[in-house]
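# Analysis of the macromolecular model
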Amino acid sequence: MCNLYSMTKNQAAILELTRALRDSTGNLPSLPGIFPDQMAPVVRNAPDGARELATLRWGMPCPPAYGGQPVTNIRNTKSPHWRAWLKQANRCLVPFTSFCEYEDTKPRKTPTWFAFDESRPLAFFAGIWTGWHGVRGTKANPIEGPHELFGFLTTDANAEVGAVHPKAMPAILTTSEEWEAWLTAPAEEALRLQRPLLDNTLMVVGRGLREDPVPQGPSG
């Protein structure tokens, strides 16, 4: 389960690739380590219909039977709990440059970072989002809603991810046609994109750190 990823490209790069017309993120910083319950950018169809880049909180509302903890990764899209958020209005693209899975090593697990290559090009998870009212944050710093929340879909692992984390990998969209389909197509068509990447598509770009060791250079 992917509970850590990075997004180190600038917002101009995201806007250009996704053709978003509005940016409500302000001065978006480089994010080398994004953890659950943190704020991070997504591209969505906003309530007024505009395609926008916005900052939401990572972790969707949990099914009541599972204790109420936020859900970062969504696998079972046939569940009635998720069905309402798979319509066009609630789908989003979650930009990333690398993501982390934990290799089951001893005495402790090893953070292992994956990207398309050493330059960490911009790509997108297939995400969903919703508005929600309640308390998020930590016990020491509770944050009362309303909140806007997001999560992203997972699927079977491909060869590279499976060698480290056999159970699953994020559902990743790599082309403009896939990005557009995820934001605009009927749900049945869009959900065909919940599938693993082809083998030999990803590579390990870092190990052992809780933030991606991004090489120095332009962020765009």
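Every value quoted in this text rests on a predicted model; they were computed, and no experiment measured them. Counting from 1, residues in each chain are numbered in the order their sequence is written. For a predicted model such as this one, the threshold for reporting local features is a pLDDT of at least 70, and the threshold for listing and counting side-chain atom pairs is 80 or more; totals across whole chains, interfaces and linings nevertheless cover every residue. Side-chain descriptors were evaluated using all non-hydrogen atoms of the structure, hydrogens and water having been removed beforehand.

## Things to note about the overall build of the protein chain
Rules: Only runs of H or I of at least four residues qualify as helices and only runs of E of at least two qualify as strands under DSSP, and these elements are numbered from the N terminus. We compute the radius of gyration over the C-alpha atoms and compare it with the globule rule, which gives 2.2 Å times the number of residues raised to the power 0.38. Think of it in three bands: residues with accessible area under 20% of the maximum for their type are buried, residues over 50% are exposed, and the middle band is partly exposed, with areas taken using a 1.4 Å probe on protein chains only. Whether two residues are in contact is decided by their heavy atoms: any pair within 4.5 Å suffices. Charged-residue counts in this description rest on Lys and Arg as positive and Asp and Glu as negative, His and the chain ends being excluded. For the purpose of locating charges, the reference atoms are NZ of Lys, CZ of Arg, CG of Asp and CD of Glu.
Within the protein chain, the regular secondary structure consists of five helices and 16 strands. The C-alpha atoms of the protein chain give 16 Å as radius of gyration, which agrees with the globular expectation for 220 residues (17 Å, within 12%). Its C-alpha atoms put the protein chain at 45 × 40 × 35 Å along the principal axes. For the protein chain, the residues scored as buried account for 50% of the 220 residues in total. Long-range pairs, those at least 24 residues apart, make up 68% of the contacts in the protein chain between residues at least 6 apart in sequence. Across the protein chain, the centroid of the 22 positively charged side chains sits 6 Å from that of the 22 negatively charged ones.

## Some remarks on the side chain of threonine 155
Relative to the helices and strands, threonine 155 resides in strand β13 (residues 147-155). Once you skip the residues sitting within four places of it in the chain, threonine 155 turns out to touch Arg75, Lys167, Ala168, Met169, Pro170, Ala171, Gln194, Arg195 and Pro196.

## Side note on the packing of aromatic side chains
Formally: Here a Phe, Tyr or Trp ring, Trp counted by its six-membered ring, pairs with any other such ring whose centre lies within 6.5 Å, and the pair is stacked when the planes are under 30 degrees apart, edge-to-face when over 60, and tilted otherwise. In this analysis the charged atom, NZ for Lys or CZ for Arg, is taken to sit over a ring once it is within 6 Å of the ring centre and within 35 degrees of the ring normal.
The final tally for this structure, using the stated rule, is 12 aromatic pairs. One aromatic cluster in this structure is built from Tyr5, Trp58, Phe96, Phe99, Phe114, Phe125, Phe150 and Phe152. One Lys or Arg, arginine 44, reaches over the ring of tryptophan 129 and ends 4.3 Å from the middle of that ring. Above the ring of tryptophan 132, the side-chain terminus of arginine 136 is found at 5.9 Å from the ring centroid.

## Some words on the layout of surface pockets
Quick reminder of the rule: A pocket here means an open set of points on a 1 Å grid, computed over the protein atoms alone, that has protein on both sides within 12 Å along at least five of seven lines. A cavity is instead a set of points where a 1.4 Å probe fits but cannot get out; residues with an atom within 4 Å of a point line either one. Grid points are joined across faces, edges and corners, and a volume is the space filled by probe spheres set on the points. For this classification, the nonpolar set comprises Ala, Val, Leu, Ile, Met, Phe, Trp, Tyr, Cys and Pro, the charged set comprises Asp, Glu, Lys and Arg, and every other residue, Gly included, is treated as polar.
The computed volume of the largest pocket comes to approximately 300 Å³. As for the largest pocket, its lining consists of 17 residues, of which Asp37, Gln69, Pro70, Arg136 and Gly137 are closest to the centre. Ranked by the residues each element gives to the lining of the largest pocket, the list is headed by strand β11 (residues 135-137), at three residues. Partitioning the lining of the largest pocket into residue classes produces nine nonpolar, six polar and two charged.

## Some remarks on the environment of glycine 151
With respect to the helices, strands and loops of the structure, glycine 151 is situated in strand β13. For the pair formed by glycine 151 and tryptophan 129, sequence separation is 22 residues and the distance between their alpha carbons is 6.5 Å. Other than its neighbours up to four places away in sequence, glycine 151 contacts Trp58, Met60, Thr72, Ile74, Val94, Gly127 and Ile128.

## Observations concerning the state of the cysteines
Going by this rule: Cysteine sulfur atoms that pair up within 2.5 Å are treated as a disulfide.
Under the definition given, this model contains zero disulfides. The structure places no disulfide on cysteine 62, whose sulfur is separated from the nearest cysteine sulfur, that of cysteine 2, by 18 Å. Taking the relative accessible area as the measure of exposure, cysteine 62 reaches 15% and is therefore buried. The cysteine cysteine 100 is free of any disulfide, with cysteine 2 supplying the nearest cysteine sulfur at 7.3 Å.

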